[in-house]
Amino acid sequence: MKKVPETLHRNRMPLYLQMAKLMRQKIESQEWRYGEQIPTLDELEKEYQVSRITLRGALDYLEEFGIIRRTRGRGTFVAKDLSEERWFKLANTLDELVEKVADLNVRLLLIEQAEKPPIPAFPFGEVGTAYRHLKRVHYHKEVPYCVIDLYLDKVIFDSDPQAFSTAPVVSQLARRKDVRIAGAKQVTRVAVADEETAGHLRIGVGEPIADVCRTFVDENDHIIYYAHIQYPTQMIQIETDLMQGAPARRKKTGAKRADGRERNK
């Protein structure tokens, strides 16, 4: 029996899933490119120092999600291009958020009346008197990319229930001249998918997800929108302007002399 590398022992995740993650990473980084044949079982066994049973389990997992394709007598091939999968950039501003969600498709799972949303994950705003609770899945090109559990002020929802039920709520709020979002805040954490979330997002139970809590308040500091959103991490990227709000950097405009010094203008 092969000796499993010590680093893999430290992870409580089943060994075959750890192998699947490592293989997926090679596909995402394009070390294994779309359409190409991946190494044989002999080569994988030598590289990872794990049993063939573990490797077959990892390949079964990747095949189940359409990432690889196994052909008897020919080998195993990369069946999905993962290099462009991180298409969704988590928004850093409200304007970015409105732009990102404008054209997404929605599948409504639940709509019900609620007296109040759950206590937000961070102190921000005051809870109102009544809300509509909606649970939904958002799709991009027919692929689910997030599950949203949201609470919208009942008066706002009842003013246009059709629009708020069938389109992204954020974009609907942004269009309304009678609704003013005076404050907006969100917190992002890394978590893992439970069975329900995994089923909606078509990922495995225990897969990493970005867990986002978002709150909008009106000019009276009342919470008009609270949402708990879960994204599969393989679809998102986070970009941050580290100089946001800082004074603009001065640009050097002076021409340089032959000796490398800048001429005065």
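Heads up: these notes are all about the structure in this document. (Residues numbered from 1 in each chain as written. Predicted model: local features only at pLDDT ≥ 70, side-chain atom pairs only at ≥ 80, totals over all residues. Heavy atoms only, no water.)

## With respect to the overall build of the chain
Looking only at helices and strands, one finds nine helices and ten strands in the chain. A fraction of 59% describes how many contacts in the chain between residues 6 or more apart in sequence connect residues 24 or more apart. Working note: accessible area of the chain is about 16,400 Å², and carbon and sulfur atoms make up 48% of it. (Helix = DSSP H or I, 4+ residues; strand = E, 2+ residues; numbered from the N terminus. Contact = heavy atoms within 4.5 Å. Areas by Shrake-Rupley, 256 points an atom, 1.4 Å probe, with all protein chains shown as cover.)

## Description of the packing of aromatic side chains
A full pass over the atoms with the stated rule returns four aromatic pairs. Between Tyr61 and Phe65 the ring centres are 5.0 Å apart and the planes differ by 55°, which places this aromatic pair in the tilted class. A centroid spacing of 4.5 Å and a plane angle of 20° characterise the contact between Phe216 and Tyr225, whose relative ring orientation is stacked. In this pair, the class of Phe216 matches that of Tyr225, namely buried. (Phe/Tyr/Trp six-rings, centres within 6.5 Å; stacked < 30°, edge-to-face > 60°. Buried < 20%, exposed > 50% of the residue type's maximum accessible area, 1.4 Å probe, protein only.)

## Looking at the nonpolar core
Counting residues in hydrophobic clusters, the biggest one holds 28 residues, and the most contacted among them are Leu150, Leu152, Leu173, Tyr225 and Tyr231. Elements represented by at least two residues in this core include exactly helix H5 (94–101), strand S6 (143–153), helix H6 (154–159), helix H8 (169–175), strand S8 (208–217) and strand S9 (223–232). Counting residues in each nonpolar core, the second largest holds 19 residues, with Met19, Ile27, Val50 and Leu82 among its members. (Core = buried A, V, L, I, M, F, W, Y, C linked by side-chain atoms within 4.5 Å.)

## Overview of empty space enclosed by the protein
Under the counting rule described, the total for this entry stands at one cavity of 30 Å³ or more. Taken as a whole, the largest cavity holds about 90 Å³ of empty space. Considering the residues around the largest cavity, the lining is formed by 14 residues, among which Val101, His138, Ile148, Val170 and Arg214 are closest to the centre. Only H5, S6, H8 and S9 provide two or more residues apiece to the lining of the largest cavity. When residues in the lining of the largest cavity are grouped by element, the largest group, four residues, is from S6. (1 Å grid on protein atoms, 1.4 Å probe; cavity = no way out; pocket = protein on both sides within 12 Å on 5 of 7 lines; lining within 4 Å. Points joined across faces, edges and corners; volume = space filled by probe spheres on them.)

## Topic: the pattern of salt bridges
In total, this model carries eleven salt bridges according to the counting rule given. The shortest N-O distance in the salt bridge between Lys154 and Asp158 comes to 2.7 Å. Residue Lys154 and its partner Asp158 are both found in helix H6; the two are separated by four residues, about one turn of the helix. With a shortest N-O distance of 2.8 Å, Arg176 and Asp178 are connected by a salt bridge. Given the relative accessible area of 58%, Asp178 is considered exposed. It is possible to trace a salt-bridge network through shared partners that takes in Lys26, Glu31 and Glu47. (Salt bridge = Lys/Arg side-chain N within 4 Å of Asp/Glu carboxyl O.)

## Some words on the sheet that holds S9
Strand order in the open sheet formed by six strands is S4-S5-S6-S9-S8-S7, and the pairing between neighbours is antiparallel. The open sheet is flanked by strand S4 (105–114) and strand S7 (183–192), the only strands paired with a single partner. Each neighbouring strand pair of the sheet contributes to a mean axis angle of 15°, computed without reference to strand direction. Sheet analysis places S4 next to strand S5 (residues 131–140), joined by nine bridges and oriented antiparallel. Bridge pairing in S5 links Leu108 to Arg136. (Pairing = 2+ DSSP bridges. Axes fitted to C-alpha atoms, helices over the stretch in contact; angles between N-to-C directions.)

## Examining unusual backbone geometry
A positive phi angle is found at Gln30, which is not glycine, with a value near 70°. Relative to the helices and strands, Gln30 is located in the loop between helix H2 (15–28) and helix H3 (41–48). Its identity as a non-glycine residue notwithstanding, Arg202 has a phi of 60°, on the positive side. With respect to the helices, strands and loops of the structure, Arg202 is situated in the loop between helix H9 (195–201) and S8.

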